Amino acid sequence: MNSIDIRDYLRPLMKWWWLLAAATLVAALSSFVYTYMQPAVYEARTTVSVGSTIKDANPTGSNVFLAQQLAEAYADIAGRTPIRQNTMAALKLEWLPYYVASVIPNTPIIEFKVYDDDPNRAYAVANELVNQLILQGPAGREEQKRQSFVEEQLAKLETSIKQTEDEITQKQEDLGKIFSAREIGNVQNQITALQNKQTTLQGNYAALLANTQRGATNALNILEPATIPSAPTDSNLLINVLIAAMIGFALAAGGAYLIEYLDDSIKPSDDMQKMLGTSLLSSIPFIANSPAGSIGPLDDRLVMLQNNSVPATEAYRVLRTNLQFAMVDRALKLLLVTSPSPMEGKSLTAANLSAALARGGKRVVLVDVDLHRPSQHRLFKLINNMGLTTALLVDSIPLENLLQKTLIPGLQVMATGPLPPNPAELLGSRRMQEILTKLTEYADIVILDSPPLMAVADAVVLSTIADAVLMVVRAGKTRRDAAKQAFGALQQVKARVIGVVLNGVTKNKGGYYNYGYYSTGAYTLPGPVSPSGYSPKETPLPANPTLIAQKPLEKMPQAPQAEPAEQVLASKRNPLLSARSNIFTNHQQEER
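Draft legend 1. Expanded view of the overall build of the protein. When you go through the protein residue by residue, the secondary structure sums to 17 helices and twelve strands. By the burial criterion, 44% of the 592 residues in the protein qualify as buried. Taking all contacts inside the protein whose residues are at least 6 apart in sequence as the whole, residues at least 24 apart take part in 82%.

The following block contains the structure:
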């Protein structure tokens, strides 16, 4: 697996880092607060053993195995309801604290652990649980009384046997001090009587001992009695916080991958060559909309018409360069710019690309062929009372009179004009082909801003005429399926898709662009300049369009061969009323 694949897998985590951080922090803080607010817990412990294998000097394997099996059974019984109820009854409690009865592995020892916030209660419950468990075994309540009596008798016999042994020892010592034969015989008789008594006591002791549970296999013996705990148990605060943080991070990571899986929009990390079969020509950074009420001479989003270098301007220069290299094998005279769906930035891309080509020394004509929702006249702040539809309907008007000059030398714009009810028929007509042919002879390159592919059929119709098609998709908005369907529609008519432009890329989306070398500081756009005699409202079509001076479409004047560091100049006259007038009062210095 190469590093690129690893970055692809890690990209959702990098994109949703704030979600991972928030989830981890919330989980850790919640665990800390919950653990810290819990009361102190005390643990009382006691252990019991089953059978006498521990005390047996030579235990057999069967005895050890049987004792272990019995220990498992007793540990299970300790958690049953009878033991719990009897313990509560004996201690006069309405509930029992949490406790655990478990067998130490490979031993016949049962360990009881009782947890409670009251150390005295934990101690009492631990002892009583063991007592109730013992009563469930062979030493039941009745048997326990009987065993208690036997133990008492054994204790008495042990005392009597010891006293008899002491008397015998004393008599034997006295025998050595007596010299009378008669007294010696009496002492010997007493010793014999005491020895007989001792024998009888020992026999009785052995008989009673055989009836007890000492050495029995199924018997419970307390090894470690419970004691009152003096200190609370460790709350494991650090461990709980770490575990909670890991769980929060894992859940957030799973959510990030799920979001990325469900989000089928195009992302900067997608491989356009694999997905659409064409190359990515440029990634355009996100350009904010113009502020509401902006009255400047140009739309703020036309970054190629500004004096300052910003990341977007360099991205459009990269697009211009890649476009030229992509068409090195054939002349590019007619370029169609479209997108799969509306609101993906194809009109803005067409406008800035046209300006970039013009600043690179090309003579460019930008034609707004979106006869449904035109936007080029709004971007360049031009009038839209005459334009493409005028040329389609009235062939006597010179095309040069319908071209409006811009602040970029070498860039002219043809607006849509009045919107017709049948755009597809007009765009697919022979007259449209004639207009485009004349425009390609007039300029070095003609750029068509067409409607979206999936919305109407206009773009598909125009793609059969254009030399190449540039498809614009928006990062985080254009769906992969929509892009594939749009690309498939172009392939069906055998249109040549020169490449894809990824628009609206932001840094938090992991874009590939990195133009930090260039200044990105704020800059002030020039103030509004109103052309002489220009009114914001569109004027109606002239009553007799044929009265406009007819002039054949001449070759477009040669644009500067290098990008000028242009200054924004005010248009002095309406370009439609005088097509020959030059709106520039000063020529601009060519930038090198």
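There is more to say after this.
Draft legend 2. Region of the structure containing the nonpolar core. Formed by 46 residues in total, the largest nonpolar core has its most connected members in Val367, Leu388 and Leu439. It is helix α15 (residues 430-442) that provides the largest number of residues to this core, a total of five residues. Non-local contacts of Val367, meaning those with residues more than four positions away in its chain, are made with Leu388, Met414, Leu439, Val446, Ile447, Leu448 and Asp449.

Draft legend 3. Seen up close, the environment of Val26. Summarising the element assignment, Val26 is placed in helix α2 (residues 17-37). When the C-alpha positions of Val26 and Gly248 are compared, they lie 7.7 Å apart, and in sequence the two are 222 residues distant.

Draft legend 4. Fine view of the pattern of salt bridges. Applying the stated rule across the entire model yields ten salt bridges. In this structure, the salt-bridge partner of Lys346 is Asp370, at a minimum N-O distance of 3.1 Å. Taken together, the residues span a long stretch of sequence, with Lys346 in helix α11 (residues 346-359) and Asp370 in the loop between β7 (364-368) and α12 (376-379) at a distance of 24 residues. No difference in accessibility class separates Lys346 from Asp370, as the two residues are buried.

Draft legend 5. Main features of the sheet that holds strand β3 (residues 109-116). The four strands lie next to each other as β2-β3-β1-β4, forming an open sheet whose pairing is antiparallel. Bordering the open sheet on either side are β2 (98-103) and β4 (220-224), each of which pairs with just one other strand. With strand direction ignored, the average angle separating the axes of adjacent strands in the sheet is 25°. Alignment of strand β1 (residues 42-50) against β4, held across four bridges, turns out to be antiparallel.

Draft legend 6. Expanded view of helix α17 (residues 480-492). Across its 13 residues, α17 extends 18 Å between first and last C-alpha, which sits within 8% of the 18 Å expected from 1.5 Å per residue. All of the buried residues in α17 are Ala482, Ala483, Ala486, Phe487 and Leu490. Down the axis of α17, the buried side of the element spans an arc of 130°, and every buried residue falls inside it. Buried residues belonging to α17 abut α9 (272-276), α16 (458-463), β11 (468-474) and β12 (497-505).

Draft legend 7. Layout of a nonpolar patch on the surface. Among the surface-exposed residues, Ile6, Tyr9, Leu10, Met14 and Tyr257 lie close enough to one another that they form a single nonpolar patch of about 510 Å² accessible area. Looking at the nonpolar patch, the element that brings in the most residues is helix α1 (residues 3-15), giving four residues. Looking at the secondary structure, you find Met14 in helix α1. Classification of Met14 by relative accessible area gives exposed; the value is 58%.

Parameters and conventions
- Numbering of residues begins from 1 in every chain and follows the order in which that chain's sequence is written.
- Restriction of local features to residues with pLDDT of at least 70 applies here, the model being predicted, together with a cutoff of 80 or more for giving and counting side-chain atom pairs; totals for whole chains, interfaces and linings are based on all residues.
- Think of the side-chain values as coming from all heavy atoms in the structure, minus any hydrogens and water.
- Where helices and strands are cited, they refer to DSSP runs of H or I of at least four residues and of E of at least two residues respectively, numbered from the N terminus.
- A simple rule labels every residue: compare its accessible area, found with a 1.4 Å probe on the protein chains alone, to the largest value its type can have, and call it buried under 20%, exposed over 50%, or partly exposed in between.
- We call two residues contacting when some pair of their heavy atoms lies within 4.5 Å.
- Buried Ala, Val, Leu, Ile, Met, Phe, Trp, Tyr and Cys residues that are joined via side-chain atoms within 4.5 Å together make up what is termed a nonpolar core.
- Think of a salt bridge as a Lys or Arg side-chain nitrogen and an Asp or Glu carboxyl oxygen that are within 4 Å of each other.
- When DSSP locates at least two bridges between a pair of strands, those strands are taken to pair.
- Inter-axis angles, ranging from 0 to 180 degrees, are taken between N-to-C directions of lines fitted to C-alpha atoms, where helices are fitted over the stretch in contact.
- Any helix carries an expected span of 1.5 Å times its number of residues minus one.
- It is the directions from the helix axis to the C-beta atoms whose arc is reported.
- Patches here are clusters of residues that have more than 30% relative accessible area and form no salt bridge, with a 9 Å joining cutoff for like charges and a 5 Å cutoff for nonpolar side chains (Val, Leu, Ile, Met, Phe, Trp, Tyr).
- Residue exposure ignores everything except the shown protein chains as possible cover, and the areas themselves are Shrake-Rupley values with a 1.4 Å probe.

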